[in-house]
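Listed here are the chains, written in short residue letters.
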Amino acid sequence: TEIYTLSLHDALPIYEITSLTAKAPLYNVQNGTVPVISRNGNRIAFETADPTVSGNADVNVINADGSGQRQLVSTSSGGLIDISDDGTLVAYGANCCRPIQVAVAAADGSSNRTLVSLQGGYFIGPRISGDNSKVFFGVDRDTSLADNTPVTRGIYSINTNGTGLHQIVTAASAAAALGLTVAQVPYFANGLDRSSDGTRIVFGVLGTPTGIALLAANGDGTQVHAIVKNVQFLDDLSISGDGTKIAYNMRPNPFPQPNQIVVTNFDGSGAVTLATNFNDDGYPMQLTSDGSQLLVGSAGRLYRTDGSGFLLLGANGPGTEITGDPPAILYTGTFAGTMNAAGNRIEYLANDANNVSQIIVMDVNPASTGAAPVISNPGVTPDFVLINNQSSATETVTVTPGTAALYRVSSLTLVAGVPDTGSGGTVFEGVLYDDGTHGDAAKGDGTFTNNGVTADAIAALGTRIIMFRAEAKSSDGKRHASELQFSPFSVLKTAPYTYTVTASTAGVTDRKSVV
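Residues numbered from 1 in each chain as written. Predicted model: local features only at pLDDT ≥ 70, side-chain atom pairs only at ≥ 80, totals over all residues. Heavy atoms only, no water.

Draft legend 1. Main features of the sheet that holds strand E9 (residues 112-118). Sheet architecture is open: four strands sit in the order E6-E7-E8-E9, paired in antiparallel fashion. Strands with a single pairing partner mark the edges of an open sheet, and in this sheet they are strand E6 (80-83) and E9. Along the sheet, successive strands turn relative to each other by an average axial angle of 15°, direction set aside. Looking at chain direction, strand E7 (residues 89-93) and strand E8 (residues 100-106) are connected through five bridges and run antiparallel. Paired with Leu89 across the strands is Ala106, a residue of E8. (Pairing = 2+ DSSP bridges. Helix = DSSP H or I, 4+ residues; strand = E, 2+ residues; numbered from the N terminus. Axes fitted to C-alpha atoms, helices over the stretch in contact; angles between N-to-C directions.)

What follows is the structure in structure tokens.
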């Protein structure tokens, strides 16, 4: 698999933006209570357990820079959350357990309104339309509203002022798209998403004779069509903001088969399998607005949807948590991650020393790195090592602290886009020093070095990427970090050599290096 290689002008600064004391009530379900960032990337909505009311959840927002944290409401109807594209409106509700309801709250705390309540069943969604005018949601089974009005299973929308409840997709239209009877489509389930303008939706149905099916439709309920059927498990789904691409993570029938992460066009054509037997956990995936990239959140991979590769957003470092250092916010994955429309801002969760999940924000090539350290001038000399520890190389990198105090600079190597420990052998991962040791030329000059870069006897031959990492902690206890991926670097069996060819023209030579 080809991977992304960041240019030397790109960087990934990472910031811890919360100091939460109450744990988030995370549920391993589609559209569950993982934090979600607005498509403009400015604000994040999230839930935490209410410390004062047993069983309640607090619905909160925070700006992506860590300012403006606000509790909007304490509710016994936790479990679902969404935020509008512009970050000004939050939808929340209960996917089960009474009261089963969907509500909206202004992100500035000025208003809160229950939109719809059910007597039974489950909600799917909710998803706020791009213009904030309505909320899409699913009802998994036939039930009744709180006022005893019967409602049938399907996909609905309602205006954010509480008017205009409207069923978009019925069991009959879903059944027709699958060539089944209405009775053969007993449940809607397994997720719901919408395009930014609300003209296209994607959703799942459960319990058909051949298992789960993924369907898509226009936002008015017309042209319901199947994307994939005969599915055993549908872990997650997403539609791009422009409505051109659909992504899903599923395990096909018959059992047992590995899961597949697939991207298709809206009409179901052009399917591209991005990964197999990977990240089968039910936490979010998300397409960029133009459908060109897919964030597989918990795995920390940003895939190109044409199938040409992925960027690994983070990896476990050497020792990860060295004695005396705080827990790392850089690890292999971006657990419960979501992103903005452009895919250049990702939020995810990392535990602190008290095992409470904190919200982390990662930016790709921002104008300023803020509190995070700046990594520059990466290098490795020579640009290869020999297997079986036959040679060594020296890594160097310049790190300039931001407003937070630097506590660790380190590196690891990637092969085929993942940490090298997965290749059957290991290439150096370790701490770099600015103390005059380990090959460091001058103590305290901001250049960090390690001259002990080697490769084990069973390390796979081939090219590598070096991931340089710098981690810091600010005076308020928040952790910040940066990473930079660098190449070329290789693991070889024998050293390259140089030979000289003398041309027939007197005084002209040609020097060549051969591996």
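Draft legend 2. Structural detail: the pairing of strand E25 (residues 301-304). Taking every second residue as pointing to the same face, both faces of E25 are buried, with Arg301 and Tyr303 on one and Leu302 and Arg304 on the other. Judged from the four bridges that link them, strand E24 (residues 293-296) and E25 form a sheet pairing that is antiparallel. Of the residues in E25, the one forming a bridge with Val296 is Arg301. Between the antiparallel neighbours E24 and E25 lie four residues, among them Gly300 with a positive phi of about 70°. Pairing of E25 with strand E26 (residues 309-312) involves four bridges; the strand directions are antiparallel. The residue of E26 that forms the bridge with Arg304 is Gly309. Between E25 and E26, which pair antiparallel one after the other, the connecting turn spans four residues, and Gly307 there sits at a positive phi close to 85°. (Buried < 20%, exposed > 50% of the residue type's maximum accessible area, 1.4 Å probe, protein only.)

Draft legend 3. Quick look at the sheet that holds strand E10 (residues 123-128). Strand order in the open sheet made by the four strands is E10-E11-E14-E15, with antiparallel pairing throughout. Across the chains shown, the open sheet's two edge strands, defined by having one partner strand only, are E10 and strand E15 (166-170). Averaged over neighbouring strand pairs, the angle between their axes works out to 20° when direction is ignored. Sheet topology places strand E14 (residues 154-159) next to E15; four bridges connect them, and they run antiparallel. Bridge pairing links Ser157 to His166 in E15.

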